[in-house]
Amino acid sequence: MRKSLARSVCVAALATVLGSASAMANDELQKMSGDPSQWVMPLGNYSSQRFSELKQINTRTAKNLHPVWTFSTGVLRGHEGGPLVIGDTMYISTPFPNTVFALDLNNNGRILWKYEPKQDPNVIPVMCCDTVNRGVAYGDGMIFLHQADTTLVALDAKTGKVVWSVKDGDPIGKGETGTSAPLVVKDKVLVGISGGEFGIMGRMTAYNIKDGSKAWTAYSSGPDNMIMFDPNKTTELGKPVGANSSLATWQGDQWKNGGGGTWGWISYDPKLNLVYYGSGNPGTWNPTQRPGDNKWSMTIFARDPDTGMAKWVYQMTPHDQWDYDGVNEMILADTEVHGKMTHALVHFDRNGFAYVLDRATGKLLQANKYDPAVNWASKIDLATGRPVLVDKYGPGVQGADHNTKGVCPAALGSKDEQPSTYSPITHVFYVPTNHVCMDYEPFKVSYTAGQPFVGATLSMYPPPGQSNLGNFIAYDVNQGRILWSDPETFSVWSGALSTAGGVVAYGTLDGYLKVVDAKSGHLLYKFKTPSGIIGNVNTFTHDGKQYLAVLSGVGGWAGIGMAAGLTEDTAGLGAVGAYKQLSNYTQLGGVLTVFGLSN
């Protein structure tokens, strides 16, 4: 009896110590994210602002930028995501096979270690829209990678040795894959799942950082216990969602292959202790087969990271008819909205509307178009939160086997996963956008586990009378309008960076790194890298000097034709035709380029 009691006390004490150690380690992570000399999280910090206080590279000096060293990844598919910088080491990950490199900043990127996972190549054809990986995360002395085969692996940051690994899904049997960047929050590492085009059940999962054991899983659709809702406390637009809020919006058991993938970015507010992320398209792409709002696909979730319970939700595109996934980044910014200082969550959605919500309550404050071409809805009703639809552009309204033409934006959205940046100095959001429309013809499809569950044929092209497929814009949420817009030949599929130097940097699909004036959009510097850029620009200092870093390597949905060797205009879920001229401007090849200033 005494031995059992003593053992229990020791176990409890050990658990307390380990828990405190994890909490302290991740308090350290939060502190590290405030050091502009490093880049310690996928989007810079928990707020996902992608802003740096560094200012050696500024409106005056940007013209003196030049490449100082490069590194080839040896992989030819699309390179999304970007490097982390922890102390004197840079960490990058590649598309499949998801090699991780630790590079020595003291020696122009000498390889300190590399991790080469062994994965079944049969995962490749299951991955929608290229074999991308959006980067690694850091915490508690470990690097976390979400592999294509859904394995979440923790690597010792100094040696690259595997500390633990856990399988998060079933790629071959169900079509579940891993493309997203994890996020470390306190004593947990959070990771989403891809596979909406295979009728998976989307979810967010939290694993304990110490040993990889599962802490909680919250699904996007299903009964309350699976989606982790309290029907009386979880709210949408300030009102309790009620019991079985998801089940009531699906026909029969369709929620069981309801999609709602969570392959986008995750943000965190330490003061509110809430994590924010979005869910993707419902399965299938044929809306006539799944009547109802299909909750909670296309939704912003605010959850307690300790328990997984949802505090509030907001569904942006009920009964999605266009594949307007809601997974884009949630930027947490304290900024003016209609002249009032607001603790805001700002989200530039695939559907072409810029949403502004109170991040504590989920109250919808603003929703305006950020591309003038958007036509599927005339506006968002702020009282109900629902879009006011234009039936002419609703494939579900027109019916199956009818080709609905001229829908703007196309399925890849007015913006896809490529993250925006917010400058707390200018109070402006800088947004990489697509400027693409589509024809959309749904058709009947049956669900088979592990097989594509799409049910639509798409074609994509620029808006009528225009030729550019992208714009890089400055957007003011206080006024709810675009301040300036720089047109680009192709979609801007690169994550942007803003700095205290008054500059904004981004990459182009045809391969240019560009640095522009934050106030005017005026071009200050450009350099053509070896391949198209769909990676995210980062900045850091080493030996007191500021650098920019970006991965080039064309691919992703916009570049899927080149990456996967597709030629039919409707291939690549409709993207190939729109970007068929891209091969005249760039070629495949993964390269990291680091830029510095001339002495």
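These numbers come from a predicted model, not from an experiment.

What counts and what doesn't
- Residues numbered from 1 in each chain as written.
- Predicted model: local features only at pLDDT ≥ 70, side-chain atom pairs only at ≥ 80, totals over all residues.
- Heavy atoms only, no water.
- Helix = DSSP H or I, 4+ residues; strand = E, 2+ residues; numbered from the N terminus.
- Rg over C-alpha atoms; globule rule 2.2 N^0.38 Å.
- Contact = heavy atoms within 4.5 Å.
- Areas by Shrake-Rupley, 256 points an atom, 1.4 Å probe, with all protein chains shown as cover.
- Lys, Arg positive; Asp, Glu negative; His and termini not counted.
- Charge placed at Lys NZ, Arg CZ, Asp CG, Glu CD.
- Phe/Tyr/Trp six-rings, centres within 6.5 Å; stacked < 30°, edge-to-face > 60°.
- Lys NZ or Arg CZ within 6 Å of the ring centre and 35° of its normal.
- Domains from an automatic or database assignment.
- Buried area = accessible area lost by both parts, 1.4 Å probe.
- Salt bridge = Lys/Arg side-chain N within 4 Å of Asp/Glu carboxyl O.
- Nonpolar A, V, L, I, M, F, W, Y, C, P; charged D, E, K, R; others polar.
- Buried < 20%, exposed > 50% of the residue type's maximum accessible area, 1.4 Å probe, protein only.
- Pairing = 2+ DSSP bridges.
- Axes fitted to C-alpha atoms, helices over the stretch in contact; angles between N-to-C directions.
- Disulfide = S-S within 2.5 Å.

1. Observations regarding the overall build of the protein chain
Okay, step 1: Along the protein chain, the regular secondary structure elements total six helices and 40 strands.
Okay, step 2: Scaling as 2.2 N^0.38, a compact globule of 599 residues should have a C-alpha radius of gyration of about 25 Å, and the protein chain matches this with 23 Å.
Okay, step 3: On the principal axes, the C-alpha backbone points of the protein chain span a range of 70 × 65 × 55 Å.
Okay, step 4: Here the analysis covers contacts within the protein chain between residues at least 6 apart in sequence; of these, 62% occur between residues at least 24 apart.
Okay, step 5: For the protein chain, the accessible area works out to roughly 20,900 Å², and carbon and sulfur atoms hold 52% of it.
Okay, step 6: Here the protein chain holds 48 positive side-chain charges and 51 negative ones, and the gap between their average locations is 4 Å.

2. Some remarks on the packing of aromatic side chains
Okay, step 1: A full pass over the atoms with the stated rule returns 26 aromatic pairs.
Okay, step 2: Ring pairing ties together the aromatic residues Tyr314, Trp322, Tyr324, Phe353, Tyr355 and Trp376, which thus form one cluster.
Okay, step 3: One Lys or Arg, Lys526, reaches over the ring of Tyr512 and ends 4.8 Å from the middle of that ring.
Okay, step 4: The ring of Tyr512 is capped by Lys528, whose NZ or CZ atom sits 5.8 Å from the centre of that ring.

3. Examining the domain arrangement of the protein chain
Okay, step 1: On domain assignment, one finds that the protein chain holds domain 1 (1–33) and domain 2 (34–597).
Okay, step 2: Centre-to-centre separation of domain 1 and domain 2, based on C-alpha positions: 35 Å.
Okay, step 3: The partner domain 2 presents 18 residues to the nine residues of domain 1 that form the contact.
Okay, step 4: Together domain 1 and domain 2 conceal approximately 1,100 Å² of surface at their shared face, both sides included; 62% is due to carbon and sulfur atoms.
Okay, step 5: By the criterion of area lost to domain 2, the three top residues of domain 1 are Leu29, Met32 and Ser33, representing 51% of everything that side buries.
Okay, step 6: Linking domain 1 to domain 2 there are zero salt bridges.
Okay, step 7: Classifying every residue of the side of domain 1 that touches domain 2 by side-chain character gives four nonpolar, four polar and one charged.

4. Points about the pattern of salt bridges
Okay, step 1: All chains considered together, the criterion is met by 20 salt bridges.
Okay, step 2: With its nearest N and O atoms 2.9 Å apart, the salt bridge here joins Asp306 to Lys186. Taken together, the residues Asp306 in the loop between strand E19 (299–303) and strand E20 (310–315) and Lys186 in the loop between strand E11 (183–185) and strand E12 (188–191) connect sequence positions 120 residues apart.
Okay, step 3: On the accessibility criterion, Asp306 (32% relative accessible area) is partly exposed.
Okay, step 4: Ionic pairing is found between Arg350 and Asp416, a salt bridge with its closest N-O pair at 3.1 Å. On the criterion of sequence distance, the pair formed by Arg350 in the loop between strand E22 (340–348) and strand E23 (353–358) and Asp416 in the loop between strand E27 (404–407) and strand E28 (421–423) is long-range, its members being 66 residues apart. An identical accessibility class is assigned to Arg350 and Asp416; each is buried.

5. Structural notes on the sheet that holds strand E39 (residues 545–552)
Strands pair in a sheet through their backbones, by hydrogen bonds, and they do so in one of two ways: parallel or antiparallel.
Okay, step 1: Taken in spatial order, the four strands make up an open sheet running E2-E40-E39-E38, and their pairing is antiparallel. The open sheet terminates on both sides in strands that have one partner only, identified here as strand E2 (65–72) and strand E38 (538–542). Across the sheet, the mean angle separating the axes of adjacent strands is 30° when strand polarity is ignored.
Okay, step 2: Sheet analysis places E2 next to strand E40 (residues 591–597), joined by seven bridges and oriented antiparallel.

6. Things to note about the environment of Thr489
Okay, step 1: Locating Thr489 in the fold gives a position in the loop between strand E33 (481–488) and strand E34 (497–499).
Okay, step 2: By relative accessible area, which is 39% here, Thr489 ends up partly exposed.
Okay, step 3: Among residues more than four places away in sequence, those in contact with Thr489 are Ser467, Asn468, Leu469 and Tyr585.

7. Quick look at the state of the cysteines
Linking two cysteines covalently through their sulfur atoms gives a disulfide.
Okay, step 1: Inspection of the entire model under this criterion finds two disulfides.
Okay, step 2: With its sulfur 2.0 Å from that of its partner, Cys408 forms a disulfide with Cys437. Here the disulfide of Cys408 and Cys437 is right-handed, its torsion about the S-S bond being about 100°. Placement of the pair is Cys408 in the loop between E27 and E28 and Cys437 in strand E30 (residues 437–442), with a sequence separation of 29 residues.
Okay, step 3: You can call Cys408 buried: its relative accessible area is 3%.
Okay, step 4: Here Cys437 falls in the buried class, since its relative accessible area comes to 0%.

8. Some words on unusual backbone geometry
Okay, step 1: Residues Lys295 and Trp296 are joined by a peptide bond in cis, for which omega reads 0°.
Okay, step 2: Relative to the helices and strands, Trp296 resides in the loop between strand E18 (274–278) and E19.
Okay, step 3: Note the cis peptide between Cys408 and Pro409, where omega equals 0°.
Okay, step 4: Here Pro409 lies in the loop between E27 and E28.

9. Observations regarding the pairing of strand E24 (residues 364–369)
Okay, step 1: Pairing between E23 and E24: five bridges, direction antiparallel. Bridging across to E24, Leu357 finds its partner in Leu364.
Okay, step 2: Connecting E23 to the next strand, E24, in antiparallel fashion are five residues, including Gly362 with a positive phi near 80°.

10. A word on the sheet that holds strand E3 (residues 84–86)
Okay, step 1: With antiparallel pairing, four strands are arranged side by side in an open sheet as E3-E4-E5-E6. Strands at the two margins of the open sheet, each flanked by one partner only, are E3 and strand E6 (110–115). Direction aside, neighbouring strands of the sheet carry axes that sit 25° apart on average.
Okay, step 2: Two strands pair when backbone bridges link them, and strand E5 (residues 100–104) and E6 are joined in this way by five bridges, in the antiparallel orientation. In the strand pairing of E6, Ala102 is matched with Trp113.

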